[in-house]
Amino acid sequence: MIPRYLVDFDVAELTRLEADVLIIGSGIAGLYTAIKAAENRKVLLITKKTLMESNTRYAQGGIAAVTSDEDTPAYHMEDTLIAGAGLCESEAVRTLVHEGPVGIQELIRLGTAFDRVDGELALTREGAHSHRRILHANGDATGYEIVRALSHQVAAHPGIEVWEECMVIDLLTEHGQCIGALVQKPGGERSYINANATILCSGGSGQLYRYTTNPDIATGDGIAMAYRAGAIVRDMEFIQFHPTALCHPGAPRFLISEAVRGEGAVLRNIHGERFMDKYDSRQELAPRDIVARAIIHEMERTQAAFVYLDITHEPPERVKQRFPTIYRTCLSFGLDMTTDWIPIAPAAHYMMGGVQTNLHGESSIARLFACGETSSTGVHGANRLASNSLSEAIVFASRIIERLHSLPPLVGHTLISYSDNRTEFPASSVAEQRHKLQEAMVRYAGVRRQGEGLQAALDELQGLMPIFEAVIASREEIEFANLLTCALLVTDGALLREESRGAHYREDFPETDDSVWRKHVQQRREQGITEEYVHDI
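Residues numbered from 1 in each chain as written. Predicted model: local features only at pLDDT ≥ 70, side-chain atom pairs only at ≥ 80, totals over all residues. Heavy atoms only, no water.

Caption draft 1: Highlighting the overall build of the protein chain. On a plain count of helices and strands, the protein chain comes out with 14 helices and 23 strands. Here the C-alpha radius of gyration of the protein chain, 22 Å, is about what a compact globule of 537 residues would show, namely 24 Å. Burial analysis of the protein chain (537 residues in total) assigns 64% to the buried set. Sequence separation of at least 24 residues holds for 73% of the intrachain contacts in the protein chain that already meet a minimum separation of 6. Put simply, the protein chain shows about 19,600 Å² of open surface, and 49% of that area lies on carbon and sulfur atoms. (Helix = DSSP H or I, 4+ residues; strand = E, 2+ residues; numbered from the N terminus. Rg over C-alpha atoms; globule rule 2.2 N^0.38 Å. Buried < 20%, exposed > 50% of the residue type's maximum accessible area, 1.4 Å probe, protein only. Contact = heavy atoms within 4.5 Å. Areas by Shrake-Rupley, 256 points an atom, 1.4 Å probe, with all protein chains shown as cover.)

Caption draft 2: Inspection of the side chain of Glu-237 at higher detail. When you line up the elements, Glu-237 lands in the loop between strand E13 (233–234) and strand E14 (239–246). In terms of polar contacts, Glu-237 uses its side chain to reach the side chain of Arg-497, at 2.7 Å. Dropping the residues within four chain positions of it, Glu-237 is found in contact with Arg-449, Val-490, Gly-493, Ala-494, Arg-497, His-504 and Val-521. (Polar contact = N/O pair within 3.5 Å; in protein donor to acceptor, adjacent residues only side chain to side chain.)

Caption draft 3: Looking closely at the pairing of strand E3 (residues 43–46). Going residue by residue along E3, you find Val-43 and Leu-45 tucked away on one face and Leu-44 and Ile-46 tucked away on the opposite face as well. Pairing of E3 with strand E9 (residues 160–163) involves four bridges; the strand directions are parallel. Bridged to Leu-44 within E9 is Glu-161. (Pairing = 2+ DSSP bridges.)

Caption draft 4: Fine view of the packing of helix H12 (residues 451–462) against helix H13 (residues 475–496). Where H12 contacts H13, the two axes come as close as 10 Å, and the packing angle between them is 155 degrees. Comparing their axes, H13 and H12 come out roughly antiparallel. Seen from above, H12 lies across H13 with left-handed handedness. Every residue of H13 that contacts H12 at Gly-451, Leu-454, Gln-455, Ala-457, Leu-458, Leu-461 and Gln-462 is listed here: Leu-484, Ala-487, Leu-488, Thr-491, Asp-492, Ala-494 and Leu-495. Looking at the contact of H12 with H13 residue by residue, the class counts come to nine nonpolar, four polar and one charged. (Axes fitted to C-alpha atoms, helices over the stretch in contact; angles between N-to-C directions. Parallel < 35°, antiparallel > 145°, perpendicular 65-115°, else oblique. Left-handed = near helix turned anticlockwise from the far one by under 90°. Nonpolar A, V, L, I, M, F, W, Y, C, P; charged D, E, K, R; others polar.)

Caption draft 5: View of the pairing of E14. Counted residue by residue, E14 has eight buried out of eight residues, so it is predominantly covered. Across six bridges, the pairing between E14 and strand E17 (residues 342–351) is antiparallel. Each residue of the ladder has a partner; that of Leu-246, found in E17, is Ile-344.

Caption draft 6: Structural context of the pattern of salt bridges. Scanning all chains against the criterion turns up 44 salt bridges. The salt bridge involving Arg-497 is made with Glu-237; its shortest N-O contact spans 2.7 Å. Placement of Arg-497 in the loop between H13 and helix H14 (514–517) and of Glu-237 in the loop between E13 and E14 is noted, with a sequence separation of 260 residues between them. Note on accessibility: Arg-497 and Glu-237 belong to one class, buried. In this structure, a network of salt bridges that share partners links the residues Lys-48, Asp-221, Arg-434, Arg-475 and Glu-479. (Salt bridge = Lys/Arg side-chain N within 4 Å of Asp/Glu carboxyl O.)

Caption draft 7: Inspection of the sheet that holds strand E7 (residues 123–124) at higher detail. With antiparallel pairing, three strands are arranged side by side in an open sheet as E4-E8-E7. For this open sheet the edge positions go to strand E4 (63–64) and E7, each flanked by a neighbour on one side alone. Relative to strand E8 (residues 134–135), E4 runs antiparallel, the two sharing two bridges. Opposite Ile-63, over in E8, you have Leu-135 as the bridge partner.

Caption draft 8: Main features of the packing of helix H11 (residues 430–444) against H13. Here H11 crosses H13 at 20 degrees, and the two axes come no closer than 10 Å. Relative to H13, the element H11 lies roughly parallel. Crossing geometry of H11 relative to H13 is assigned as left-handed. Along its contact with H11, which presents Val-430, Gln-433, Arg-434, Leu-437 and Met-441, the element H13 presents Glu-476, Glu-477, Glu-479, Phe-480, Leu-483, Leu-484, Ala-487, Val-490 and Thr-491. The class makeup of the residues in the contact of H11 with H13 is eight nonpolar, two polar and four charged.

Caption draft 9: Spatial organisation of the sheet that holds E17. Strand order in the open sheet formed by four strands is E14-E17-E16-E15, with antiparallel pairing between adjacent strands. Edge strands, defined here as strands with exactly one partner in the open sheet, are E14 and strand E15 (266–268). For this sheet, the mean angle separating the axes of adjacent strands, direction not counted, is 45 degrees. Strands E14, E15, strand E16 (307–310) and E17 of the sheet are contacted by helix H7 (residues 288–301), whose axis makes an angle of about 55 degrees with E14.

Caption draft 10: Spatial organisation of the layout of surface pockets. Approximately 310 Å³ is the volume found for the second largest pocket. Lining the second largest pocket are 17 residues, and of these Tyr-211, Ile-296, Pro-346, Val-442 and Val-447 sit closest to its centre. Ranked by residues supplied to the lining of the second largest pocket, first place goes to E17 with four residues. Grouping the amino acids of the lining of the second largest pocket by side-chain chemistry returns 12 nonpolar, one polar and four charged. (1 Å grid on protein atoms, 1.4 Å probe; cavity = no way out; pocket = protein on both sides within 12 Å on 5 of 7 lines; lining within 4 Å. Points joined across faces, edges and corners; volume = space filled by probe spheres on them.)

Caption draft 11: Region of the structure containing H12. Look at H12: 17 Å from first C-alpha to last across 12 residues, which is about the 16 Å you get at 1.5 Å a residue. When H12 is considered as a whole, its buried residues turn out to be Gly-451, Gly-453, Leu-454, Ala-457, Leu-458 and Leu-461. The buried side chains of H12 occupy one side of the element, clustering within an arc of 165 degrees when seen end-on. Among the structural elements, H11 and H13 are those in contact with the buried residues of H12. N-capping of H12 is provided by Gln-450, with a side-chain oxygen placed 2.9 Å from the backbone N of Glu-452. (Expected span 1.5 Å × (residues − 1). Arc of directions from axis to C-beta.)

Caption draft 12: The arrangement of the packing of aromatic side chains in detail. Inspection of every chain in the model, using the stated rule, returns six aromatic pairs. Summarising the aromatic geometry, the rings of Tyr-5 and Phe-9 are spaced 4.9 Å apart at their centres and angled 80 degrees between planes, so their arrangement reads as edge-to-face. For Tyr-5, a relative accessible area of 5% translates into the label buried. A network of ring pairs unites the aromatic residues Tyr-5, Phe-9 and Tyr-418 as a single cluster. Residue placement shows Lys-185 over the ring face of Trp-163; its charged tip is 4.4 Å from the ring centre. Residue placement shows Lys-519 over the ring face of Trp-517; its charged tip is 5.3 Å from the ring centre. (Phe/Tyr/Trp six-rings, centres within 6.5 Å; stacked < 30°, edge-to-face > 60°. Lys NZ or Arg CZ within 6 Å of the ring centre and 35° of its normal.)

Quick look at the structure:
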C-alpha cells in the first residue's frame, strides 16, 4: 500500500512559513505562473535544483500556435485531435488552439526572442501538423530561450521568493483541501509551507526508463505527491517515446528534434533503406507513436540497435544554422550531421497523463492546481501532438491565475502530524533499486506491451515497495519513492487497458476498441481504478 505521507512529521515542531501561492517546479509552467501570480500576490517558488534546470530547458523543436494567415485554430485543433487518437477532451483542445497565440505574444513581451525571417516569426512544421506553425528560438534551443527569459523575470521580481535545491516531500491536506506542503532544505531541515493555493508544475517522469530524453530531475514528483494526497490522476498508461534520440556509444540519449524531420530528414535502416513508407503514408511526419514503433520494428527486422536519421541532402550551412545545438552536440561525439547519418533509437520523452484538472487547472482537491506535464488537462489524449506541450503550459497557467482571483482566503491553523512504524532503509542502495525499476519498465512497459509482461513488471515493482515502510531522508530516496509510485500507476493502467491506442500499444490487443475503451482511466489512492468517458463537445 502506498502511504499517505513518505515521512513522519509534526507541523507543530516545524518552522512554518506562509505564502499566497506556492509553486512547485521551475519549468515554463512554474516560471510563467509565478510571474502572473506575483502581479498581486506573494509567491514562493520551490525547485529541487536551480531555477534554470527543468525539462523545458531541453525542449528543442519549439512551441505550436497559430500565427500565420495560412493557418487557423480549426486546423490546429483537427491535428491535435487526430494525434490524440480519440482521447482528447475537445473543449480543452479548443481552449489551447484559441488562447495559445495570445500566450505567444505574452512570452515575447516577457523577453523571449523567437527566430524571425525578414522581421516575421519563423515557422517550421513537425510530425502530424498540417501547417507550419512551430515557433523556435536560436534554431533548436527554444526551451532554453524561454527559460532564460522567464527565469530572468522571476529572479528580478520583488514579489517572488525562490528556494533552490529544496525538495518538496508531500502535500498537506485537511478537510478536503490542500493547505500547503512539507519541504526539505539542502541541509536536511524541514519546513511547513502554509499556502492559500498550491500549484504543481514539477514536470514529467522520464526517469521511469533507463533510456530517456529527460534530465535526471524528471522523477514524477508532483504526480506522486498528488496521488498520495488523494487527487485523481488520469491516463498514466500513455507515455510518449520520442522516435529520434541519439544512440551512440558514450553519448546520452540526446534528443534529435522532430523539427529535423520537419525540415526534410529521412529515416534509414542499417542497410541504408528508407522504410517509413511501409508503415504510414505520412512517412517521417507520421505521429510519434507510429514512427517509434516503426523504428523498433526495423531494428528487430535488421537485428540492429539503431536506425539512421539522414539530413545530408540538405545544404550544410542551412543545417548548421537551423540546428546549431544538435549539430554541435553530434559533432562532440564525432558525428557531423551534414555528412553523416545519425544513429538514433526511441527514448521515453513525455507523460500524456498526470493529475486530472479542469479547464482552470484545478485538481480534484480544493486549492491544489496542476500545470504543464504534471497535469492531465485533456489536451494530449493518447498521443501528444509535437510542440503542444509548451503551448499548453502557458495557456493553462493563465487560466489558473484567473481562478485564483475567486479563491477565498485560507483560514485556521493546522496541527497535522503523521507517524508510521517505519523501519531502516532496505539494504540495497537506492541507485540499485532505481536501476531495477527502470529495467522493468523498459522491458515490460515500453513502446510495446503485452499482458503477461505487464504483470511481470507489477510483480517486480511490488518487490521494491519496502521503500514505503522505511525511514527515508535523502532527495534520492524521496525521488525513488515517487518513481515507484508512478511506475505502479503506469503499469496498472497499461494492464487494465486491453486495446492499442496512441502511445499505448498492446501486442496482445493490437486493435483500437472504441466501443469499450474510448474513455479515460482514472486512479485515486484508496479507491483504485475507475473509468470516465471522453466528453465530446
